[in-house]
Amino acid sequence: MKASILRTLITVAISAVLSSVGLQAQDRIRVTIPFDFNVGSTLFPAGEYSVTPVMPGSPILEIQRSDGNSAVLAQTFNGSGSPVPGLPRLTFNRYGDHYFLSKVAGDGHGWELPKSPVERELIAKFSSPRPVSVVASAK
């Protein structure tokens, strides 16, 4: 009887752990960004990145370079998800040759990033940004 209860508890615990890992992997967005860009005041080089909420449904995103050398946590607020299911999208505000991550749209989830002081200065200089979208993949 004790063995049966123990086996059931272990099965439930493993299921709980695997389901949370599955949820996090489902929200992971992989993207190749062809230009240098800012997230807040942090400058990132062009390259391959993953964007993941720190917890399912979280307003905090982790943006990490695929080689693991660069990462930042970004506070966001709710935005709209991708208009095309299965095609996540990152949108950047472009001011001259400066790009700032402004929106992340995944399947059913969307995040918008607040403007940094540097971006606000460029808004004053360039007036309005040119939005640039990069299509990503959900993995």
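Below is a summary of the structure that appears in this document. Just so it is clear, the model here is predicted, and its values are computed rather than measured.

Conventions we followed
- Residues numbered from 1 in each chain as written.
- Predicted model: local features only at pLDDT ≥ 70, side-chain atom pairs only at ≥ 80, totals over all residues.
- Heavy atoms only, no water.
- Helix = DSSP H or I, 4+ residues; strand = E, 2+ residues; numbered from the N terminus.
- Buried < 20%, exposed > 50% of the residue type's maximum accessible area, 1.4 Å probe, protein only.
- Contact = heavy atoms within 4.5 Å.
- Areas by Shrake-Rupley, 256 points an atom, 1.4 Å probe, with all protein chains shown as cover.
- Patch = residues over 30% accessible without salt bridge, like charges linked within 9 Å, V, L, I, M, F, W, Y side chains within 5 Å.
- Salt bridge = Lys/Arg side-chain N within 4 Å of Asp/Glu carboxyl O.
- Core = buried A, V, L, I, M, F, W, Y, C linked by side-chain atoms within 4.5 Å.
- Pairing = 2+ DSSP bridges.

Helix and strand content of the protein: two helices and 12 strands. Scanning the protein from its N terminus toward the C terminus, one meets helices and strands in the order α-β-β-β-β-β-β-β-β-β-β-α-β-β. Residues classed as buried in the protein amount to 32% of the 139 residues present. When contacts within the protein are restricted to residue pairs at least 6 apart in sequence, those whose partners lie at least 24 apart make up 53%. Just so you have it, the protein exposes about 8,300 Å², and 59% of that area is on carbon and sulfur atoms.

Take a nonpolar patch on the surface next. Residues Val-54, Met-55 and Leu-73 make up a contiguous nonpolar surface patch of about 290 Å² in total accessible area. By secondary structure assignment, the location of Met-55 is in the loop between strand S4 (47–53) and strand S5 (60–65). Taking relative accessible area as the criterion, Met-55 reaches 55% and is therefore assigned exposed.

Moving on to the nonpolar core. The nonpolar side chains of a soluble globular protein tend to be buried with one another. Counting 23 residues, the largest nonpolar core has Phe-37, Val-39, Ile-63, Leu-90, Phe-92 and Val-104 as the members making the most contacts within it. Secondary-structure elements contributing two or more residues to this core are strand S1 (29–33), strand S2 (37–39), S4, S5, strand S6 (71–75), strand S8 (89–95), strand S9 (98–105) and strand S11 (130–135). Not counting residues within four places of it along the chain, the set of residues in contact with Val-104 comprises Ile-29, Val-51, Leu-61, Ser-80, Arg-89, Leu-90, His-109, Gly-110, Trp-111 and Leu-113.

Residue alternation in S5 divides its side chains into a buried set, Leu-61, Ile-63 and Arg-65, and an unburied set, Ile-60, Glu-62 and Gln-64. Sheet analysis places S4 next to S5, joined by five bridges and oriented antiparallel. In the sheet register, Thr-52 faces S5, and the bridge partner there is Glu-62. Where S4 folds back onto S5 in an antiparallel hairpin, the turn is made up of six residues, including Gly-57, whose phi is positive at roughly 80°. Relative to S6, S5 runs antiparallel, the two sharing five bridges. Bridge pairing in S6 places Glu-62 opposite Leu-73.

Turning to the pattern of salt bridges, a few remarks are in order. Pairing of side chains with opposite charge becomes possible as their charged atoms draw close. Under the criterion given, the structure shown has one salt bridge. Here Arg-65 ties to Asp-67 by a salt bridge, and the two come within 3.1 Å at their closest N and O atoms.

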